[in-house]
Each structure stands twice: as C-alpha cells, then as structure tokens.
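Each chain is listed here by its residues.
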Amino acid sequence: MKEILNHLFEHKTLSKEQARDILLGIGRGDYNTAQIASFLTVYMMRSIRVEELEGFRDAMLELCLPIDLSAYDPMDLCGTGGDGKDTFNISTLSAFVVAGAGQRVAKHGNHGVSSMCGSSTVMDYLGYKFTNDLDELERRIETAGICFLHAPLFHPAMKNIAPIRRDLGVKTFFNVLGPMVNPAKPQKQLVGVFNLEIARLYAYLYQQTDKQFMILHTLDGYDEVSLTGSFKVITNRSEQLLSPAELGLDTQTPESLSGGNTVAESAQIFMDVLKNESTTAQKQAVLANAAMALLATDRAATREEAVALARESIDSGRALECFTKLVA
C-alpha cells in the first residue's frame, strides 16, 4: 500500500486492473486501518477516473455474494448519497411506489454514512428483517413486489471498511460505487448522483452494458429529483434538462424535503407518505422519482402518464400494501 499511496500522492492515477487489485486486497484484509483511511482520503481530494471506478466496481462484484432474481426482471432505485442535503428517504419510498405500480424492485441499500438515516436505517426501524437467503427474498419479491438487499449481507468482504467509513463520516468513493454493485445485477436501474461529473462516469460505464438505465441529478446538488430546480436526466437513449413544471409538479423548497432530526422523525415521514398523509412537497418529490423510474422501465410512455401511475400507486394504497407485505 505504501507504493500505491506514494503513486497517488504524486497525482498519478490507477489503471482499471490496479484499482481492481487494490480493492480486492482491501476485501482480503491485506491493509491496515490507517492505510485504508489514507487511500479513501485521496479520493476525497481529487476526482475518480472512469478506469478507477470500473476497476473498483469489478472488484466489489467479484467479492460480493451474488443473488439471481432475473426471473422477476427487477429494477433498482438507488442514489449515491453524499449530497449533504439530509432529505427524507425519497428513493426508498419511490421504490415502494414503483412496486405498487407493477414493476418489481430489488432495492439495494445501506445505513447512512454521511447522512443520519440511510435506507437500511429506516427499514430496520420500521421492522424489516434483513436477509440474504434466496428463497426468502424470492418469496418477498413474489408477494410484495419488492425485496430489500441490505448491502453488508451481500458484501461481507467490506466489513473492515464500514467502521472506517463511519469514523470518517463523509462521502467516499464507496458512495459512488453503491448503486453499481447491487448483488442481483438488475438490468433496469434508476440512479441518482450528487454531481454532474459522477453522472458522466455512470453514463459512460452503463452505456458499455445492456442495462436499461436512467441517471438523475438536480442541478443544485441533489442525488435525486428534488423539485427544487431543474434536473438532468441521462438514459441510454437521450439526455435532457427538465424542470418540475415539465412533470406537472410544483417547485419545492429545500426545507420542505427535510428528513427530520431523528430516525423516528424520518420513519414518521416515511409512513406518512405511504399512507397518503404527507405534505404536498413530500408526496410530489416521491411522485417525481417514481415517475422517472416508470419512464426508465417503459412502464409509462409519457411523463404525464408516469406521474399519474405513481400517484395512483399511493392514492390506491398499493404502495403501502407492498410495504406492509414486505415487512410482514
């Protein structure tokens, strides 16, 4: 690791193979805590290159416990996190809305590192029991239309990284990797990223695959459609800049998307949205992201139709029903 760090401190970059080998070494426990923390710190101080990201991704998928849910043709809705906005759990809620609209979901998630309440945190608080048992996950996606893949159960080699990330308390390149390393390898994916540079990296790498994907970034810094301003949409077919009005929705304030000060408050917002008892701003943010996911999977042909399908999923109680069946 000493040679690697000196190489990086000289502003040099890693090849895809070098990046893969280093992350495999981290997973094997070849390096100590200080060395790993120093390595992570490098990428807080400079941008990650596409070859490096590709190598890190390949190592993570090589090390993970794979799971085959291809028979259900699921999609994932996952943000990188790390935007520092402390919103409520918009993408996780959107996953239930999408499931309620008929598109099966294999949601990849974890506890928050740079935020208080990650998707795993709120799911755990609300009574969901994490598992990596294939039969159980198949039963859940069959009955509830959705299953939840708690990242640490599928990436056991990364267990020595988790406390270091927690202690650092800021976003690292593992935030960027998260959506790329869903162990189910879904062929349909909605990804929110915290800046346009990461959006470009994702677009380049996903265009080398046969994924049906959509990448989202709101220009004022959110890793999702926040409705606080215009947002970028990149797919394997097009690239657009859209406004909230073009979804038929209102522009929202950052304050209206707050996730609260405690996990209990975040969980209350979560259930309020599913029960259709939330604020207009909270509901519209979830509708926006769920609608984009439905467009990404061709469940809807137009933005208007996609928003209507998402709204029906909440208003009819189907999104709540998916959650209730999953937790039960």
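Residues numbered from 1 in each chain as written. Predicted model: local features only at pLDDT ≥ 70, side-chain atom pairs only at ≥ 80, totals over all residues. Heavy atoms only, no water.

**Q** Would you mind showing me how to read the overall build of the protein here?
**A** Looking only at helices and strands, the protein has 15 helices and seven strands in total. Projected onto its principal axes, the C-alpha coordinates of the protein cover approximately 60 × 40 × 40 Å. Looking at the protein as a whole, 55% of its 328 residues qualify as buried. For the protein, restricting intrachain contacts to residue pairs at least 6 apart in sequence, the fraction spanning at least 24 positions comes to 71%. Accessible surface, the protein: about 13400 Å² in total, of which carbon and sulfur atoms supply 48%. Measuring between centres, the 31 positive side-chain charges of the protein sit 2 Å from its 40 negative side-chain charges. (Helix = DSSP H or I, 4+ residues; strand = E, 2+ residues; numbered from the N terminus. Buried < 20%, exposed > 50% of the residue type's maximum accessible area, 1.4 Å probe, protein only. Contact = heavy atoms within 4.5 Å. Areas by Shrake-Rupley, 256 points an atom, 1.4 Å probe, with all protein chains shown as cover. Lys, Arg positive; Asp, Glu negative; His and termini not counted. Charge placed at Lys NZ, Arg CZ, Asp CG, Glu CD.)

**Q** What's the story with the packing of helix α5 (residues 90-100) against helix α12 (residues 263-274) in this structure? I'm lost.
**A** Packed helix pairs are characterised by how far apart their axes lie and by the angle those axes make with each other. At a minimum axis separation of 11 Å, α5 and α12 run at an interaxial angle of 25 degrees. On the basis of the axis angle, α5 is roughly parallel to α12. In terms of crossing hand, the pair formed by α5 and α12 is right-handed. Here T92, L93 and F96 of α5 lie close against α12, whose contacting residues are F270, V273 and L274. (Axes fitted to C-alpha atoms, helices over the stretch in contact; angles between N-to-C directions. Parallel < 35°, antiparallel > 145°, perpendicular 65-115°, else oblique. Left-handed = near helix turned anticlockwise from the far one by under 90°.)

**Q** Can you help me understand the pattern of salt bridges in this one?
**A** Any two side chains of opposite charge can pair, given that their charged atoms come close. Evaluated as defined, the whole model comprises 20 salt bridges. The closest approach of N and O atoms between K16 and E54, which form a salt bridge, is 3.5 Å. On the criterion of sequence distance, the pair formed by K16 in helix α2 (residues 16-28) and E54 in helix α4 (residues 50-63) is long-range, its members being 38 residues apart. Put simply, K283 and D315 hold a salt bridge, and the shortest N to O gap is 2.7 Å. Highlighted residues: K283 in helix α13 (residues 280-296) and D315 in helix α14 (residues 303-315), separated in sequence by 32 residues. (Salt bridge = Lys/Arg side-chain N within 4 Å of Asp/Glu carboxyl O.)

**Q** Before we go on, may I ask you to explain the packing of aromatic side chains in this structure?
**A** Here the distance between the centres and the angle between the planes together describe a pair of aromatic rings. In the structure shown here, the tally under the stated rule is 15 aromatic pairs. When the centroid spacing of 5.9 Å and the interplanar angle of 85 degrees are considered together, the rings of F39 and F173 count as edge-to-face. Here F39, found in helix α3 (residues 33-45), pairs with F173, found in helix α10 (residues 173-177); they are 134 residues apart in sequence, far enough to count as distant. For the pair F39 and F173, one class covers both residues: buried. One aromatic cluster in this structure is built from F39, Y43, F56, F173 and F174. Above the ring of Y222, the side-chain terminus of K85 is found at 4.9 Å from the ring centroid. Its guanidinium or amino end placed over the ring of Y206, K211 lies 5.4 Å from that ring's centre, counting from NZ or CZ. (Phe/Tyr/Trp six-rings, centres within 6.5 Å; stacked < 30°, edge-to-face > 60°. Lys NZ or Arg CZ within 6 Å of the ring centre and 35° of its normal.)

**Q** Please explain the environment of D83 as it appears in this structure.
**A** In this structure, D83 sits in the loop between β1 (75-79) and α5. With a relative accessible area of 19%, D83 lands in the buried category. Sequence separation between D83 and C64 is 19 residues; the distance between their C-alpha atoms is 26 Å. Every residue in contact with D83, bar those within four places of it in the chain, is listed here: F194, G221, Y222 and D223.

**Q** I would appreciate a short explanation of empty space enclosed by the protein in the present structure.
**A** The probe, sized like a water molecule, is rolled over the atoms to show the empty space still left. Throughout the structure, instances matching the rule amount to one cavity of 30 Å³ or more. Every residue along the wall of the largest cavity is listed here: L77, C78, G79, S91, S94, L190, V191, G192, L216, D223, E224 and N289. Elements with a minimum of two residues in the lining of the largest cavity: β1, α5 and β4 (188-192). The residue inventory of the lining of the largest cavity, partitioned by class, reads five nonpolar, five polar and two charged. (1 Å grid on protein atoms, 1.4 Å probe; cavity = no way out; pocket = protein on both sides within 12 Å on 5 of 7 lines; lining within 4 Å. Points joined across faces, edges and corners; volume = space filled by probe spheres on them. Nonpolar A, V, L, I, M, F, W, Y, C, P; charged D, E, K, R; others polar.)

**Q** Sorry if this is basic, but what is going on with the layout of surface pockets here?
**A** Size it by volume and the second largest pocket reaches roughly 240 Å³. Taken together, 14 residues make up the lining of the second largest pocket; nearest its centre are Y43, R46, K171, F194 and I198. Sort the elements by how many residues they give to the lining of the second largest pocket and helix α11 (residues 196-206) lands first, with three residues. Of the residues in the lining of the second largest pocket, the class split is eight nonpolar, three polar and three charged.

**Q** Teacher, can you tell me more about α13 here?
**A** Residues spaced three or four apart along an α-helix point in a common direction, a consequence of the helix completing one turn every 3.6 residues. Here α13 is 17 residues long and its end C-alpha atoms lie 24 Å apart, about the 24 Å a rise of 1.5 Å per residue gives. Of all 17 residues making up α13, 16 are buried, and the element is well covered by its neighbours. One or two steps after α13, the chain reaches D298, where phi turns positive at roughly 65 degrees. (Expected span 1.5 Å × (residues − 1).)

**Q** What am I meant to see in the packing of α13 against α14 here?
**A** Contact pair α13 / α14: the axes reach a minimum separation of 8 Å and the direction vectors enclose 120 degrees. For the element pair α13 / α14, the angle class is oblique. Crossing angle aside, the handedness with which α13 passes α14 is right-handed. Contacts between α13 and α14 pair K283, V286, L287, A290, A291, L294 and L295 from the former with R303, A306, V307, L309, A310, R311, I314 and D315 from the latter. Each residue belonging to the contact of α13 with α14 can be placed in one class, and the counts come to 11 nonpolar, no polar and four charged.

Remember that the coordinates give geometry; whether it matters functionally is a separate question.
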